[in-house]
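# Architecture and fold: a report
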Amino acid sequence: MAQDKQGARKDAERETDGLIRALLDMGEALIGSGAEIYRAEDTLRRIAKAYGATDCEVFIITSSIVITLDRADAGPRTQTRRIRRQVENNFTKLEDLNELSREVCTHPISTKELQAKTSAIAKITVPRRGMLLGYVLASSAFTLFFSGTLADALAAGAVGAVLFALQVYVGPFCMNAVVSQFLGSFFSGILICILCRLFPSLHMARIMIGDIMLLVPGVAFTNSIRDVLLGDTLSGIVRFVEALLLAAVLTVGFLAAILLFGRIF
């Protein structure tokens, strides 16, 4: 009898551990897609309740998730996961994850199936052609917006395409986002300086502004303020410091390129 109870408890503990891993996968995917801290925590708590948890405590910052789950048949269990992926602010992926969370709260599925569906959504990537088009159009449009000529816009679009290549093909080999940001700003700044030396009619400052807008961490600044206003002060401060660091590195990269090729005309 005692052995049967012990075996049942071990099965319940394994089931609880599987549920916590599924929640960690969901939380990591939500944060990586740009979800608010409080929304991710609330989503995980709701899913845990739907799967029979009597109590669920979730603590999330931008680099870590801690979940303590309590079920009557297994007792409290805790797991922690380090988040290493960069936030990509993919709102289509975020919408799919929210839809999945609402679905499992209404009709719970097995934890393995939940993990599989979460993993499938997390692996969805934006088509590279679409990203390339976005880089080119955004840099050209911002250049025109800041009083650049059509020639300036075309040059900014060309540099935007190069910047896209650097972010996609070189970025994964960089140790962190700071290094990737510096390389992108430095080499795009050098290319702009070279183009302006070859074609003196181009306006270096306006082209640089158009391409700088691709790298400005505006969303990161907004998210940091949002987290602070919603009470997640620690996460907000971390995001704010990260955004400031990226902005500083962006400035250093373009400034280094300018110093190599002379002043802006």
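Residues numbered from 1 in each chain as written. Predicted model: local features only at pLDDT ≥ 70, side-chain atom pairs only at ≥ 80, totals over all residues. Heavy atoms only, no water.

### Considering the state of the cysteines
Summed over all chains, the structure comprises zero disulfides. A disulfide-free cysteine, C105 has its sulfur positioned 11 Å from the sulfur of C56, the nearest such atom. On the accessibility criterion, C105 (31% relative accessible area) is partly exposed. Cysteine C193 remains unbridged, with the sulfur of C196 as its closest cysteine sulfur at 6.9 Å. (Disulfide = S-S within 2.5 Å. Buried < 20%, exposed > 50% of the residue type's maximum accessible area, 1.4 Å probe, protein only.)

### With respect to the side chain of D17
Within the element layout of this structure, D17 appears in helix α1 (residues 2–32). Residue classification places D17 among the buried residues on the basis of a relative accessible area of 16%. Among residues more than four places away in sequence, those in contact with D17 are R77 and Q79. (Helix = DSSP H or I, 4+ residues; strand = E, 2+ residues; numbered from the N terminus. Contact = heavy atoms within 4.5 Å.)

### Description of the pattern of salt bridges
Summed over the entire model, instances satisfying the criterion amount to 11 salt bridges. A salt bridge links E28 to R81; the nearest nitrogen and oxygen atoms lie 3.2 Å apart. With E28 in helix α1 and R81 in strand β3 (residues 75–82), this pair connects stretches of sequence that are 53 residues apart. Exposure remark for E28: the relative accessible area of 15% places this residue in the buried category. Linking D227 and R239 is a salt bridge whose minimum nitrogen-to-oxygen distance equals 2.6 Å. Of this pair, D227 sits in helix α9 (residues 218–229) while R239 sits in helix α10 (residues 233–261), and the two are 12 residues apart along the sequence. In this structure D227 comes out as buried when scored by relative accessible area, which is 0%. In the salt-bridge network here, residues are joined through shared partners; they are E36, R39, R226, D227 and R239. (Salt bridge = Lys/Arg side-chain N within 4 Å of Asp/Glu carboxyl O.)

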